[in-house]
Amino acid sequence: AIGADSQTLSPGGLLSLALVHAHEGNVEAAVARLNEAKSRLDGGGADAAVGAQLVLAEGFVAGFLDQTLSAGIGASLETYLDTSPRDHQSRAQACILLSWDRFCRGDIAGAERFTEDAAAEYAETEGAYGNIFMHIHRVMAQFWRNDLDAALAESALADKMTRMFFPEDQRLRALTASLHASIQFEVGRPEPLTNPTDLVGSVGALESWMDIQ
């Protein structure tokens, strides 16, 4: 839809296009644009902001590839958190990526720690989309700790925020609705008009992330 020629885009533009392709489900194109951006940045001359964008883009594309973060990307994200104290939106996104990676590795305490860090960063912004994923990661941590009432409250918030701010986003709607319906079932209060199995099928058709599958 953008109609951009990748040959004429700046490295920052290539990284943006990589994320667009990833969200569209065209992961091969996302990887290609990411590699183009990296090759241009290897030539030098990029400012620190673009370098930070590259670290975040690598983390997001790894997620869409159903891969845990490589040691290099994980270390770069943690270095970014240590060196960029004022970029709250990007810091929150980095925390969410690191939290997701800790979940994939079975480190629930580490995942929860990064989720709380993300919550603190999002409190300094007006970002709604990433904030929803903070709630999702909280649900996961509370579920694994068997704190189902807290998980239910967080899943309700994620679902409500999605319906308020992103009513046309089918992927996010299916994701948060299935999560909320599943937790309702776990606590013995299923929604009579909702079939979690159908919702999970919708997520599987639209969402490629390992933790959601």
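This text follows the structure it describes.
Draft legend 1. Region of interest: the packing of helix α8 (residues 148-165) against helix α9 (residues 170-186). One can describe the packing of α8 onto α9 by two numbers: an axis separation of 9 Å at closest approach and a directional angle of 155°. Between α8 and α9, the crossing angle belongs to the class labelled roughly antiparallel. Judged by the sense of rotation from one axis to the other, the crossing of α8 with α9 is left-handed. Counting all contacts with α8, which are made through L148, A151, L152, S155, A156, A158, D159, T162 and R163, the residues of α9 involved are L172, R173, T176, A177, H180, I183, Q184 and E186. Split into classes, the residues belonging to the contact of α8 with α9 amount to eight nonpolar, five polar and four charged.

Draft legend 2. Spotlight on the pattern of salt bridges. This model, assessed by the stated rule, comprises eleven salt bridges. With a shortest N-O distance of 2.9 Å, R91 and E121 are connected by a salt bridge. With R91 in helix α5 (residues 88-104) and E121 in helix α6 (residues 108-122), this pair connects stretches of sequence that are 30 residues apart. Note on R91: relative accessible area 13%, which makes it buried. For the salt bridge of R105 with D101, the shortest nitrogen-to-oxygen distance reads 2.8 Å. Taken together, the shared-partner salt bridges connect E78, D101, R102 and R105 into one network.

Draft legend 3. Looking closely at helix α1 (residues 11-24). If you check α1, its first and last C-alpha atoms are 20 Å apart, about what 14 residues at 1.5 Å a residue would give, namely 20 Å. Every buried residue of α1 is listed here: G12, G13, L14, L15, L17, A18, H21 and A22.

Draft legend 4. Examining the packing of α5 against α6 more closely. At a minimum axis separation of 8 Å, α5 and α6 run at an interaxial angle of 165°. With respect to α6, the axis of α5 lies roughly antiparallel. Between α5 and α6 lies a crossing of left-handed hand. Contacts between α5 and α6 involve H88, Q89, R91, A92, Q93, C95, I96, L98, S99, R102 and F103 from the former and I108, G110, A111, F114, T115, D117, A118, E121 and Y122 from the latter. Across the contact of α5 with α6, the residue classes tally to ten nonpolar, six polar and four charged.

Draft legend 5. Fine view of the packing of aromatic side chains. Enumeration according to the criterion identifies two aromatic pairs in this entry. Ring centres 5.4 Å apart and planes at 80° place the aromatic pair F143 and W144 in the edge-to-face group. Taking the relative accessible area as the measure of exposure, W144 reaches 59% and is therefore exposed. With a centroid separation of 6.5 Å and 50° between ring planes, the pair formed by F165 and F166 is classed as tilted. Residue F166 is classed as partly exposed on the basis of its relative accessible area, which comes to 22%. R113 extends its terminal NZ or CZ atom over the ring of F114, reaching a point 5.0 Å from the ring centre.

Calculation notes
Residues numbered from 1 in each chain as written. Predicted model: local features only at pLDDT ≥ 70, side-chain atom pairs only at ≥ 80, totals over all residues. Heavy atoms only, no water. Axes fitted to C-alpha atoms, helices over the stretch in contact; angles between N-to-C directions. Helix = DSSP H or I, 4+ residues; strand = E, 2+ residues; numbered from the N terminus. Parallel < 35°, antiparallel > 145°, perpendicular 65-115°, else oblique. Left-handed = near helix turned anticlockwise from the far one by under 90°. Contact = heavy atoms within 4.5 Å. Nonpolar A, V, L, I, M, F, W, Y, C, P; charged D, E, K, R; others polar. Salt bridge = Lys/Arg side-chain N within 4 Å of Asp/Glu carboxyl O. Buried < 20%, exposed > 50% of the residue type's maximum accessible area, 1.4 Å probe, protein only. Expected span 1.5 Å × (residues − 1). Phe/Tyr/Trp six-rings, centres within 6.5 Å; stacked < 30°, edge-to-face > 60°. Lys NZ or Arg CZ within 6 Å of the ring centre and 35° of its normal.

Everything listed here is a matter of coordinates, which is why it stays silent on function.
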